[in-house]
Amino acid sequence: MRGLRGLCVRLLLAFFSTAFAFYFPPQVEQLPIITGQTSGSIIALLYDESFLFKCEAKGNPRPTYHWTKDGMDFDPHKDPRLTTDESSGSFVIPKSKDKVKYQGKYRCYASNKLGTAISEEAEFIVPTVPKFSKEKLEPVVVAEGDSVVLECNPPKGIEPIQLYWMTKDLRHIEQNERVSMALNGNLYFSNTLATDSHDDYCCFASFSRIRTIVQKPSMALRVRTINSSHGGDSLSVQERKPRILEPSSHMTTYLKKGEELELECIAEGLPTPIIEWKKMTDSLPKRANIVKYGKLLIIPDVTEQDEGKYMCMAKNSLGEDVHHFHVVIEEPPSWREEPVKIQLAETGSDILIKCSATGKPQPTITWKRNGRPLDDFPSTNLKVVDDSIIIYRAEQRDTAVYQCEASNRHGTLLANANVLVMNHPPFILTRNYLEYATMLGKSLIMDCNVFSSPPTTPHWRKEDPEGSVDGERFSLLKNGSLQIHRVEMEDMGQYKCLANNSEGTASITAELFIKDSTRIVEPPQDMKVRRGSMAELECQVECDPTLRRELEILWLKDGIDILSNYTEDSGYFIEDGILQIVNVSHSDEGNYTCIVRTSLDQDRASAYITVLDVPDPPIQLTLSDMKDRSVMLHWLASNDHNSPITEFIIEYEENHWEPEKWKELLRVASIQYSAPLTLYGHINYQFRVIAVNAMGRSRSSMPSKRYKTPPCAPDRNPENIKIEGHLPHQLDISWEPLLPVEHNGPGLEYKLSYRLLGVEDSWTEQMVKRHSFVVSDTPTFVPYEFKIQAHNHHGWAPEPKVVTGYSGEDMPLAAPENVSVKVLNSTLLWVSWSPVPQAALRGHLRGYMVHWWQTQSLLTSKRIPSERQSLSIPGNRSHTMVPGLNPFSEYSLTVNVFNRRGNGPSSNPISFTTPQGVPEQPPILRATNFQKNSITLVWAPPHEANGFLTGYLLQYHTINETQGGLNSVNISAPDTTQWVLHDLREDNWYKFYLSACTEAGCGSAVSEEGGTVPEVFSTTSAETSTGSRQPFSFTSSNTDTPVNATFTTLAVLNISTSVSDTFVRISWRTREEHTYSEIYVAIMNHRDGIWQVSEAVNTSKGFHLIEGLSLGTVYTIRLLASSRVHVSSIFEEVFETRKVSSKQAVSSQDWFVGMMCAVALLTLLVLIGCFVLRNKGGKYAVKEKEESPADPESQAMSEETPCEYSDNDEKPLKSSQLFFMGDDDSCEDSVISENENCEFNEDGSFIGEYSGHTRRVFTEVNGQPPVTA
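Residues numbered from 1 in each chain as written. Predicted model: local features only at pLDDT ≥ 70, side-chain atom pairs only at ≥ 80, totals over all residues. Heavy atoms only, no water.

## Let's talk about the overall build of the protein chain
The helix and strand inventory of the protein chain stands at seven helices and 103 strands. Counting only residues that meet the buried cut, the protein chain has 45% of its 1269 residues in that class. Summarising the internal contacts of the protein chain: among those between residues at least 6 apart in sequence, 65% fall at separations of at least 24. Counting every atom, the protein chain has about 65,900 Å² of accessible surface; 50% of that belongs to carbon and sulfur. (Helix = DSSP H or I, 4+ residues; strand = E, 2+ residues; numbered from the N terminus. Buried < 20%, exposed > 50% of the residue type's maximum accessible area, 1.4 Å probe, protein only. Contact = heavy atoms within 4.5 Å. Areas by Shrake-Rupley, 256 points an atom, 1.4 Å probe, with all protein chains shown as cover.)

## Observations concerning the side chain of Ser-934
By the element assignment, Ser-934 lies in the loop between strand E84 (925-928) and strand E85 (935-939). Ser-934 sits in the buried class, given a relative accessible area of 8%. Other than its neighbours up to four places away in sequence, Ser-934 contacts Asn-929, Val-980, Leu-981, His-982, Leu-984 and Thr-1012.

## Some remarks on the sheet that holds strand E27 (residues 289-291)
Taken together, three strands build an open sheet; the order of strands is E24-E28-E27 and the sheet is antiparallel. The two strands at the open ends of the sheet, each matched to only one other strand, are strand E24 (261-264) and E27. Along the sheet, successive strands turn relative to each other by an average axial angle of 20°, direction set aside. (Pairing = 2+ DSSP bridges. Axes fitted to C-alpha atoms, helices over the stretch in contact; angles between N-to-C directions.)

## Brief notes about the state of the cysteines
By definition, a disulfide links two cysteine residues through a covalent bond between their sulfur atoms. In total, this model carries seven disulfides according to the counting rule given. Two residues share a disulfide in this structure: Cys-355 and Cys-404, whose sulfurs sit 1.6 Å from each other. The sign of the -70° torsion about the S-S bond sets the Cys-355-Cys-404 disulfide as left-handed. Here Cys-355 is found in the loop between strand E32 (351-354) and strand E33 (356-360), whereas its partner Cys-404 is found in strand E38 (residues 400-408), with 49 residues between them in sequence. Taking the relative accessible area as the measure of exposure, Cys-355 reaches 0% and is therefore buried. Take Cys-404: its relative accessible area is 1%, and that puts it in the buried class. A sulfur-sulfur distance of 2.0 Å marks the disulfide that ties Cys-539 to Cys-594. As the torsion about the S-S bond is roughly -80°, the Cys-539-Cys-594 disulfide counts as left-handed. (Disulfide = S-S within 2.5 Å.)

## Section: a nonpolar patch on the surface
Taken together, Leu-1161, Leu-1162, Leu-1165 and Val-1166 make up a surface patch of nonpolar side chains, about 390 Å² in accessible area. Mapped onto the elements of the fold, Leu-1162 is located in helix H6 (residues 1151-1175). (Patch = residues over 30% accessible without salt bridge, like charges linked within 9 Å, V, L, I, M, F, W, Y side chains within 5 Å. Salt bridge = Lys/Arg side-chain N within 4 Å of Asp/Glu carboxyl O.)

## A look at the nonpolar core
Core analysis: the biggest nonpolar cluster contains 30 residues, and Phe-53, Trp-67, Phe-91, Ile-93, Tyr-106 and Phe-124 have the highest contact counts within it. Among the elements that make up this core, the one with the highest residue count is strand E9 (residues 104-112) (three residues). When neighbours within four sequence positions are excluded, Tyr-106 is seen to be in contact with Phe-53, Trp-67, Thr-68, Lys-69, Phe-74, Phe-91, Ile-93, Glu-120, Glu-121, Ala-122 and Phe-124. Core analysis: the second largest hydrophobic core is formed by 24 residues, Phe-132, Val-179, Met-181 and Phe-207 among them. (Core = buried A, V, L, I, M, F, W, Y, C linked by side-chain atoms within 4.5 Å.)

## Quick word on the pairing of strand E77 (residues 829-834)
Here five bridges tie strand E76 (residues 817-823) to E77, and the two strands are oriented antiparallel to one another. From the neighbouring strand, Lys-822 faces E77, where its bridge partner is Trp-830. Linking two consecutive strands that pair antiparallel, namely E76 and E77, is a turn of five residues. Direction of pairing for E77 relative to strand E81 (residues 879-882): antiparallel, over a ladder of four bridges. Considered in E81, the bridge of Leu-829 is made with Val-882.

## Topic: the pattern of salt bridges
Inspection of every chain in the model, using the stated rule, returns 43 salt bridges. Of the charged contacts, one joins Glu-395 and Arg-397 as a salt bridge, the two residues approaching to 2.9 Å between their closest N and O atoms. Note that Lys-557 and Asp-558 form a salt bridge whose closest N and O atoms lie 3.1 Å from each other. For Asp-558, a relative accessible area of 46% translates into the label partly exposed.

## Considerations on the sheet that holds strand E68 (residues 719-724)
The strand order E68-E69-E72 describes an open sheet built from three strands, whose pairing is antiparallel. Both outer strands of the open sheet, E68 and strand E72 (772-776), are each paired with one neighbouring strand and no more. Mean inter-strand twist for the sheet, computed between neighbouring axes without regard to direction, equals 15°. Sheet topology note: the E68/strand E69 (residues 730-736) ladder contains four bridges and is antiparallel. Its bridge partner being in E69, Lys-722 is matched across the sheet by Ser-734.

## Regarding the environment of Pro-837
As for its position among the elements, Pro-837 is in the loop between E77 and helix H3 (838-841). Sequence separation of Pro-837 and Pro-812 is 25 residues, and the distance between their C-alpha atoms is 9.8 Å.

## Points about unusual backbone geometry
The linkage connecting Lys-360 with the following residue, Pro-361, adopts the cis geometry, with an omega of -5°. Tracing the backbone through its elements, the reader meets Pro-361 in the loop between E33 and strand E34 (364-369). Of note, the bond from Asp-464 into Pro-465 is cis; its omega dihedral lies within 30 degrees of zero at -5°. Residues other than glycine seldom take positive phi values, yet Leu-170 does so here, at roughly 65°.

## Comments concerning the pairing of strand E18 (residues 212-215)
Residue alternation in E18 divides its side chains into a buried set, Thr-212 and Val-214, and an unburied set, Ile-213 and Gln-215. With four bridges joining them, strand E17 (residues 198-207) and E18 adopt antiparallel strand pairing. When the sheet's bridge partners are listed, Phe-204 is paired in E18 with Gln-215.

## So, the packing of aromatic side chains
On inspection of all chains with the given rule, the structure shows 30 aromatic pairs. Ring geometry for Tyr-1115 against Phe-1135: centres 5.7 Å apart, planes inclined by 20°, an arrangement best described as stacked. With Tyr-1115 in strand E100 (residues 1114-1120) and Phe-1135 in strand E101 (residues 1131-1136), the pair connects residues that are 20 residues apart, well separated along the chain. Per residue, the accessibility class of Tyr-1115 equals that of Phe-1135, and both read buried. Ring pairs connect the aromatic residues Phe-51, Phe-53, Trp-67, Phe-74, Phe-91, Tyr-106 and Phe-124, which therefore count as one cluster. Above the plane of the ring of Trp-763 lies Lys-787, whose end atom (NZ or CZ) is 4.8 Å from the centre. One Lys or Arg, Arg-1065, reaches over the ring of Phe-1103 and ends 4.6 Å from the middle of that ring. (Phe/Tyr/Trp six-rings, centres within 6.5 Å; stacked < 30°, edge-to-face > 60°. Lys NZ or Arg CZ within 6 Å of the ring centre and 35° of its normal.)

## Digging into the side chain of Gln-789
Within the secondary structure, Gln-789 is located in strand E73 (residues 783-792). At a separation of 2.8 Å, a polar atom in the side chain of Gln-789 contacts the main-chain carbonyl oxygen of Ala-797. Filtering out sequence-adjacent residues up to four positions away, Gln-789 remains in contact with Asn-717, Glu-749, Tyr-750, Lys-751, Trp-796, Ala-797, Pro-798, Glu-799 and Pro-800. (Polar contact = N/O pair within 3.5 Å; in protein donor to acceptor, adjacent residues only side chain to side chain.)

## Quick word on the environment of Gly-571
Take Gly-571: it is sitting in the loop between helix H2 (562-565) and strand E56 (572-575). For Gly-571, a relative accessible area of 9% corresponds to the buried category. Linking Gly-571 and Ser-585, residues 14 residues apart in sequence, is a C-alpha distance of 9.5 Å. In this structure, Gly-571 is in contact with Gln-580, Ile-581 and Val-582, ignoring residues within four places of it in sequence.

Shown next, in the form of structure tokens:
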């Protein structure tokens, strides 16, 4: 029963040591445990600053410390030279001269009220400087051939020690089969020679750890030779059999397992003995090594198999000697079963402390309690049995630290075993209300670590919702934790862990949550990237929303974390799951893995980046099959960097004509690694090869060896021979010379041969080195034959080809005859002539030139200054068409022939006239004064009438829902520029077309749209003398449907414009009661037809200035009541800016005229400045905001007189006065007319004549309407 009970005790204690060794709650008292200590030997070396003796422990209550030195109490706090640590038992011995006094063996004791733990023993060693004994050594005298030993006897010191023999001048004593140094340092001579005699044999001992070398006093060895005599007896060298000198006696060698075995055998004899080794019962191990000329056997890292008897044999021709070694392999103590560090036992239980150690010799076990021998604590319930202690019916007083020491001659092991005897209710160390989270299908462990005595096994239950924790998916671990395998959704909820023993009960609650899995939804893709570009790998992930904050995205390259192992200079940038690789290099190629993880799970995906680049240059260029004009080139391809090579380019360089300049010679396919090369003669070649793939060209290979071809005659003659006659009696010959590499040898020159074609049989020959030649005194424009042949010192090129050319040309002598013209229409002419004879050309015919110029306009009968126009007709044509003539004009025309030399004489001029043509399109057409059944149309005459105007053709149709039929009105009065269409349908939209006509017909039409208004607006218009609103119509910008609206009539009078070359000024006068109304100014360039509208202009300002206009350009300006351009305008005018005359343009080239223009411009700027200061108003471009209020002075002046006022010398182009439709009848008296023939329209608008004349138009009041249809 006791044996069974003891077994149960052991099992129970083993469980406790595993389950509770690390789970003591803070309120439970604990025995001291050593956590840090100094053990072994501490050698006080010279270069060490201080020496730490460490002793740290934990326990509850906190441990106190004391030390022993060599078994006696030692208090570091009492020595002021020692540095102590108040938080532990550690102390430091400083570096000092008297540190020898601290030499000894130290042990630390950590104690509290429950017990005492002890540290391992630490020895402090203060080495002294080793010294050889100072003694006078007598010379050693031996006869030649005798053996001798020179003893070293080195001093003891800190291992390792190195011994060697030298002379005083530090020359090593040579060692061999005859002379050798033993492990003990002695120098052995198996037999001596006369050359061994020296007076300075010195033994040196080196102690590396203390950095010290010591020398023994020198010894003298004197060897008597065989020719010397002593006492009348002659001496001779006697041979003898071997005798072993070292070792001198049989002994047993003890080694620790793992050490190195060294067996030495040194013998004397003559001749010098040879040493042999063997193991008595076995062969020597393979790792055995025999050194020092066979005298030393070394076996490293010995094991039990190396134990046994060894023998060395020394032998020579006279005999042999042997020595036996007995080798015993031992082991220091090691734990077979180390005592359990902490045992917790309930009161009344049996406790087993086992301390089982192994070693060779078998270790001795010594027990202590709280650092004192066990015999100091007599007890009736404690028994030592073999290597164990059994405590029967343990009580609380048995609580202690029990020490076990296992020792043999190779070392000591120490173990502290804490035995705590107590009863304690369950205490759950795991925190209450922990929340666990996992994913479906994963495994999970919910902790429930319990401290209790006697021990208890916790159990679990599911509470919310209630469920079972039984079944194969649930496991209760030894430490009380619950493991759930393959988690299912129904496992989510609250769990409770309960623990109870005889002392009490405890429980905790834990809650389990099931989360969505973390997964990669857009994994990175394999890609191929060009070196130097940027690569981007994307890794998009989805995870549970509650885990988003802790989500971590890692990128690995070939399994190495990029963020931790690469710097910013490496070109990796990671942001929002995207990995960017900037300036990709070859080292960036590899496998990239994206790892997304949370605290619960992770996912990963990988992609491979392949880096593409140009190939590496080809290697190993060699030449073979070398002939006079060819060679075979071989090479090997290198790395293509993931893009297959498509071809190889072979280049050559020669060091005579263009050294260091490489030129392409040949291209071959990628499957070829050799190519035959055709070469020129007399060239010292070297070659290189370039590989090409889709990424581009590689660097050039290393050049091949040079190969020089022998010289030979040229292979070909010059090409591209040019024969030109720049002068009438001269012939210039040039050709494309041979390339330098084509010379094929030295002394290249050319033989030029020429003769008159069909006249001379013999050739005139010239040898030239240049590539051009001039033949002088030739007839004008006669054919020659030429040939050019290359020649060098080694022969002639093949027979050349004959080419033909002409001598120099001269200008033609005759003009074309029989010139005739035929007018096809008002702008086109047919011209023909007779060709000039070949004899009169005196050169190659280039063509004919037709010249014409307008002499008079038949419309005005004015002479026009001559402005010649020309048309070139290449080749041998004798007729052409002359386009672009002006209609209704008189012209003159001539024709001449020309060759390369120049123009021949012109033919006699002939005259012709062009008929009338159709007019140009009228520049402007406007529809105004929209009434119930009538619309007024006004226009300007065309720029070019191209004849006598006979009238206008006016056509129109409705464009409401559907397009109506076309109506026509013939206006026979050519001076008419305004027309009123009556009998139109009420509230309809019309499109009008107007074209001007001559006898030749009507030209292209200009179009305009407008519409009639309902009767209510017509009535309002008729009552404008009493009302304040006037109807108008415009086209919406979003639709073609007309929109009817009304606007308040503005009280502006005396509207006029003043035009310069780059600006226009529009002025007006405002009535007092309408001083602060707003108007808009719009302007259109007729070249592009685009309207530009200013911002609102206050009427009190009195004027508006538009700058930045183009010279000689036609514009239309409008004064509007709103910013919409297409509504009816208050005022409208067409004007043309000034242009610079041709005479002024010519004279402007003269510097004096330029200076005068500058003075005039400066004067103009001063006048404008004065104008601005006087009016206190700014100048504004279209759509530019007004910046200053109106000038009261200028406003007053405008009110005083209806006439125009101008601050400068510019003449006003046009002016008009708008009638104010209000209650004030005095406006009728202010109408002043400067032109009796002015034309008016019914709404106050005016379309002036499109000319440079100045016209002034006034709104008619109570007058007759204009001509109507």
